Protein chains: 2
Amino acid sequence: MANIHDIARLSGFSVATVSRVINDRPYVSPEAKAAVMKVVRQLDYVPNAMARDLSAGHTMTIGVVTPMRDHPYFTSLTNSITRAAFARGYRVMLLPSQYDQAIEADYLEQLRMKAYDALIFTSHALPLTDILPYAKTGQVVVCHDPGHVAVNAAFTDRGETYVEGCQWLKAHHAKKIGMFLPRTAKLSATSQAMLGAFQQVFGEALPEALQVLDVMNNEDGYQAAQQLAKQHVDGIFTNGDDIAAGAVQYYREQHLALPLMVGQENQLSSQLLNMPTIDHHFRVVGELALRLAVGELSGQHQVASTFISRA
Amino acid sequence: MANIHDIARLSGFSVATVSRVINDRPYVSPEAKAAVMKVVRQLDYVPNAMARDLSAGHTMTIGVVTPMRDHPYFTSLTNSITRAAFARGYRVMLLPSQYDQAIEADYLEQLRMKAYDALIFTSHALPLTDILPYAKTGQVVVCHDPGHVAVNAAFTDRGETYVEGCQWLKAHHAKKIGMFLPRTAKLSATSQAMLGAFQQVFGEALPEALQVLDVMNNEDGYQAAQQLAKQHVDGIFTNGDDIAAGAVQYYREQHLALPLMVGQENQLSSQLLNMPTIDHHFRVVGELALRLAVGELSGQHQVASTFISRA
DNA sequence: TTGTAGGCGTTATCAG
DNA sequence: CTGATAACGCCTACAA
């Protein structure tokens, strides 16, 4: 592999001049430029990206930490982040975490090692207090409401639409309601917000027996429906359209009357099932997150989600 | 930011010794190790990833070129590639291309610049002959049948199941069949294979009027159904379950009799619609592609797809 | 306009 | 066991 010194030697100019030519900088004579370019073409030379990064002191890479790969929430968020990143000349590194604190800590360490210019957590298991120290060095962005913790954040305001979802169930006369939740309520801000909305609308807390935890995908939805069907619920607030679809499948297979259902994510399946859902506008959140990551923005930015009524 | 020289100076040892300590290599006295570690902790030192990469001569990064972000084919392929990559200590860079030849060429150039150790094309618009020259330097992997072109490849053998799909339509007495195809037949191997299967089963080529091109997502499916409904088809071989779902929606809205339909990708929607589909086993393909990228494997590897009959 | 020399931060060789 | 010193390949004051 030819390097800049080879080009310098063969063209009869110095590395400084060669560098100027390949970076299209001023103060180069036409002759020098021609001579250098000729050798560049002959040797099929291209500058080495790693050396450039080291010299420049940045990677132009944004790490995106994602707990799971097959969940639509993360797919749409990553997609919008990627789009925004490329529009600004940044690249995106995919960082799967499976909600493993050790892995997340590892990524944070890599940020310190300058493996990335910034890190976006689409979600995280690590307490915010563990993340905070890293926010000083590189840029760290989280995609949920960090409360009063001073970390850059872009997130949807879910509270409002969760209330609307509960109201919809109430208005359609659901008497016994169950909820599909991601992970336990203590760990997940989503769960907390959903349970809070229930309390607000129905004036009482949702009994634990009617909360199904750790529901993350379509298959989980099928299993979760099994649990709730035993208790004869007539309404389910789910945490995803595709997840709700899994539940529908269970009810259909058992030839049971379908409970009223509310989805989330505004996916294709809620359209097919004619089910109300919530659009969290992750495209917008993703772009905001990236702008925070590259320093175009700072602080905390929230996007209002939209309840889509359907029945 | 502290660097290895700072540690050397403050600990009273040389950079060589410091390097040995932080990399946990032999031939270091306990005293030296203790002294170095103490300073490392004091200064909160971590080695710089870029400098390491430059020194080592590799990035431990695999670029994954993906034409579109919201298509399940690419999502599942990227996911399995990522999983396999991390299992081997590699990272994954997401490279969107929108089937733009200039962008694809750009990524190939970046490969030359050693921005990635290898490049996986989940699909590409660039002719294979343009890609071939780069396959010499870094590792290039394509995810479709490269025919007789000598490039590393992992792909599904679709021919067989496309024939099965056509036979299914025939067995269920579809008389007038339409097809949803991605891009034009000349450009897309998928289209060619689907049309070939039709010819094989029905003994004649599918009239162009019954081919709807450039159908890539759910909305496209809705539009495409509009076109085919005018011609009163009673069977549609689609190129995706979610895409087929878009078509179903159109037929339902118009209160038209639903044609027989075959999907692809084995997504949730085909389950919900009780529609036969084809599983291309992209998880397997993704892992093979990555193993090719990191040099564990070489050559061309094909995976048989599976027809899932449902009605 | 051009070139020299030093810096970016590590790793590796090889003599001590 | 330890340490100078030379890579890795590029950029950029500063000097000429």
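Computed from a prediction, not measured in an experiment: that's the story for all the values here.

**Q** Could you give me a rundown of the protein's contact with DNA strand D, with the residues and numbers involved?
**A** DNA strand D sits among 26 residues. The nearest are I4(A), Y45(A), T17(B), R20(B) and S29(B). Contacts to DNA strand D include S29(B), whose side-chain N or O atom sits 2.6 Å from a phosphate oxygen. Among the elements that take part in the surface near DNA strand D, helix α2 (residues 15-22) of chain B stands out by supplying four residues, more than any other. Taken together, the residues of the surface near DNA strand D break down into 13 nonpolar, ten polar and three charged.

**Q** So what about the UniProt feature "domain: HTH lacI-type" (unreviewed entry) in chain A? Which residues, and what values?
**A** The feature "domain: HTH lacI-type" (unreviewed entry), as annotated in UniProt, sits at residues 2-56 of chain A in this numbering. Segment residues 2-56 of chain A splits into 69% helix and 0% strand. End C-alpha atoms: 21 Å apart.

**Q** Let's hear about the nonpolar core: which residues, and what values?
**A** One finds L119(A), F121(A), Y116(B), L119(B) and F121(B) to be the most contacted residues of the largest nonpolar core, which totals 46 residues. The contacts of Y116(B), once residues within four sequence positions are left out, are R91(A), T59(B), T61(B), G63(B), M93(B), L95(B), Y107(B), Q110(B) and L111(B).

**Q** Mind laying out the pairing of strand β1 (residues 61-66) of chain B, listing which residues take part and the relevant values?
**A** Across a regular strand the side chains alternate sides, sitting on one face of the sheet and then on the other. All names here are of chain B. Judged by how many residues are buried, β1 sits mostly within the fold: six of six residues are covered. Here β1 shows two buried faces, one formed by T61, G63 and V65 and the other by I62, V64 and T66. Two elements, β1 and strand β2 (residues 91-96), share six bridges in a ladder whose sense is parallel. Along β2, the bridge assignment pairs T61 with R91.

**Q** So what's going on with the relation of the copies chain A and chain B? Which residues, and what values?
**A** Between the two copies, chain A and chain B, the superposition gives an RMSD of 0.1 Å; the rotation angle is 180 degrees and the shift along the axis is 0.1 Å. Here the symmetry operator amounts to a two-fold rotation axis. In terms of C-alpha distance to the rotation axis, chain A has M93(A) as its closest residue, with the C-alpha 2.3 Å off the axis. Here 100% of the interface residues in chain A have copies in chain B that are interface residues too; the copies meet face to matching face.

**Q** Describe the domain arrangement of chain A, and please don't skip the residues or the numbers.
**A** Residue and element names in this part refer to chain A. Splitting chain A by domain gives domain 1 (4-47), domain 2 (56-151 + 282-304) and domain 3 (158-279). Put simply, the middle of domain 2 and the middle of domain 3, counted by C-alpha atoms, are 29 Å apart. Facing eleven residues of domain 2, the contacting portion of domain 3 comprises seven residues. Carbon and sulfur atoms supply 51% of the area buried between domain 2 and domain 3, which totals about 750 Å² over both sides. When the shortest N-O distance is used, the salt bridge between R283 and D279 registers 3.5 Å. On the surface where domain 2 and domain 3 come into contact, there are one residue pair in polar contact (both at pLDDT 80 or more).

**Q** Residue-level account of the interface of chain A and chain B, with values.
**A** At the interface, 47 residues of chain A touch 48 residues of chain B. Note on chain A versus chain B: buried area summed over both sides is about 4,000 Å², and carbon and sulfur give 65% of it. Two residues, R112(A) and D44(B), come together in a salt bridge whose shortest N-O distance is 3.2 Å. Residue composition of the side of chain A that touches chain B, by class: 21 nonpolar, 14 polar and twelve charged. Where strand β2 (residues 91-96) of chain A and β2(B) come together, three bridges link them in antiparallel fashion. Bridge pairing links M93(A) to M93(B) in β2(B).

**Q** Hey, could you go over the sheet that holds strand β7 (residues 211-212) of chain B for me, with residue numbers and the actual values?
**A** Strands belonging to one sheet form pairs held by backbone hydrogen bonds; the direction of such a pair is parallel or antiparallel. All names here are of chain B. Taking strand neighbours across the sheet as the criterion, the four strands line up as β7-β6-β8-β9 in an open arrangement whose pairing is parallel. The open sheet has two edge strands, β7 and β9 (260-262), and neither has a second partner. Pairing analysis gives two bridges linking strand β6 (residues 177-180) to β7, with the strands arranged parallel. Looking at β7, one finds that F180 is bridged to V212. On top of the sheet, helix α12 (residues 241-253) reaches β6, β8 (235-237) and β9; it is set at about 160 degrees to β9, its chief contact.

Parameters at a glance
- Residues numbered from 1 in each chain as written.
- Chains lettered and ligands numbered in written order.
- Predicted model: local features only at pLDDT ≥ 70, side-chain atom pairs only at ≥ 80, totals over all residues.
- Heavy atoms only, no water.
- Near = heavy atom within 4 Å.
- Polar contact = N/O pair within 3.5 Å; in protein donor to acceptor, adjacent residues only side chain to side chain.
- Helix = DSSP H or I, 4+ residues; strand = E, 2+ residues; numbered from the N terminus.
- Nonpolar A, V, L, I, M, F, W, Y, C, P; charged D, E, K, R; others polar.
- UniProt positions renumbered as here; feature names shortened; annotations may be inferred.
- Core = buried A, V, L, I, M, F, W, Y, C linked by side-chain atoms within 4.5 Å.
- Buried < 20%, exposed > 50% of the residue type's maximum accessible area, 1.4 Å probe, protein only.
- Contact = heavy atoms within 4.5 Å.
- Pairing = 2+ DSSP bridges.
- Least-squares fit on C-alpha atoms with pLDDT ≥ 70 in both.
- Domains from an automatic or database assignment.
- Buried area = accessible area lost by both parts, 1.4 Å probe.
- Salt bridge = Lys/Arg side-chain N within 4 Å of Asp/Glu carboxyl O.
- Axes fitted to C-alpha atoms, helices over the stretch in contact; angles between N-to-C directions.

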